[in-house]
Every structure is written in C-alpha cells, then in structure tokens.
Amino acid sequence: MALARRGRARSVSRLDSFPSMERVREALSAALGDRYRIERVLGRGGMATVYVAEDLRHRRQVAIKVLRPDVAAAIGAERFCARSRSPRG
C-alpha cells in the first residue's frame, strides 16, 4: 500500500494497518472475560498472532491464536475451529 504525502509516494508496512497492542489486549480481555489473562505475545505470522495467557480456572498457561480480521473473513470460523481440533500427524 502506498500513501501520497506532499507529492511523494510513501510505502506503508502491513504493521501500520494493525490495531495497537493495547487495543488488541482490551478487546481480548473484553471477549475472554475473567476466564483468561493475556500475558504476552508468543509470535506473529501472516495470518494470526498467538498470545500466551493464563487459564484462570485451571491455573495453567495456554496459547490463544487470534486471526487477522481479513483472514478470519476469508476462511471463516468453522474452518478455523475444525483445523484447530484436527490431530497433527
């Protein structure tokens, strides 16, 4: 993507279009309620960001994968959930 700025084109990285980390944490906290506490980002890829969180009910660490909105719209929640439950092998 490029933006015109004072007659010059400027390249904008994909990260510029992502919501801020604080906004993401707020949205995750609202969605997950008091069940999980987000601790940190574990990794980022082209499709999603994975967070380390604490499962407050079972007192254990878990990974929570959050798809980018455009990816979620393209593949749909059903396909994503089915893939996450499939055995690896």
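Residues numbered from 1 in each chain as written. Predicted model: local features only at pLDDT ≥ 70, side-chain atom pairs only at ≥ 80, totals over all residues. Heavy atoms only, no water.

Novice: So what exactly am I meant to see when it comes to the side chain of Thr 49 here?
Specialist: The residue Thr 49 is located in strand 4 (residues 48–55) in this model. Sequence-distant contacts of Thr 49, that is, excluding residues within four places in its chain, are made with Val 41, Gly 43, Arg 44, Ile 64, Lys 65 and Val 66. (Helix = DSSP H or I, 4+ residues; strand = E, 2+ residues; numbered from the N terminus. Contact = heavy atoms within 4.5 Å.)

Novice: Explain the pairing of strand 5 (residues 60–67) here, please?
Specialist: One face of the sheet, then the other: side chains in a regular strand alternate in exactly this way. Here strand 4 pairs with strand 5 via eight bridges, running antiparallel. The residue of strand 5 that forms the bridge with Ala 53 is Val 62. Linking strand 4 back to strand 5 in an antiparallel pair, the connection comprises four residues, with Arg 59 at a positive phi of about 50°. (Pairing = 2+ DSSP bridges.)

Novice: Looking at this model, I keep getting lost on helix 1 (residues 21–32). Mind explaining?
Specialist: Given 3.6 residues per helical turn, the α-helix brings residues three or four places apart onto the same face. Its 12 residues place the ends of helix 1 16 Å apart at the C-alpha level, agreeing with the 16 Å of an ideal helix rising 1.5 Å per residue. Looking one or two residues past helix 1, Gly 33 carries a phi angle of roughly 60°, positive in sign. (Expected span 1.5 Å × (residues − 1).)

Novice: Would you take a moment to explain the nonpolar core for this structure?
Specialist: Across soluble globular proteins, nonpolar side chains show a tendency to be buried alongside one another. If you look at the biggest cluster of nonpolar residues, it comprises seven residues: Val 24, Leu 28, Ile 38, Tyr 51, Ala 53, Val 62 and Ile 64. Every element with two or more residues in this core is listed here: helix 1, strand 4 and strand 5. With near-sequence residues (within four places) excluded, Ala 53 lies in contact with Tyr 36, Arg 37, Ile 38, Glu 39, Arg 60, Gln 61, Val 62 and Ile 64. (Core = buried A, V, L, I, M, F, W, Y, C linked by side-chain atoms within 4.5 Å. Buried < 20%, exposed > 50% of the residue type's maximum accessible area, 1.4 Å probe, protein only.)

Novice: Even after reading the chapter, I still don't get the environment of Ala 63, so can you show me in this structure?
Specialist: Mapped onto the secondary structure, Ala 63 falls in strand 5. Take Ala 63: its relative accessible area is 55%, and that puts it in the exposed class. For the pair formed by Ala 63 and Val 50, sequence separation is 13 residues and the distance between their alpha carbons is 6.4 Å. Dropping the residues within four chain positions of it, Ala 63 is found in contact with Val 50 and Tyr 51.

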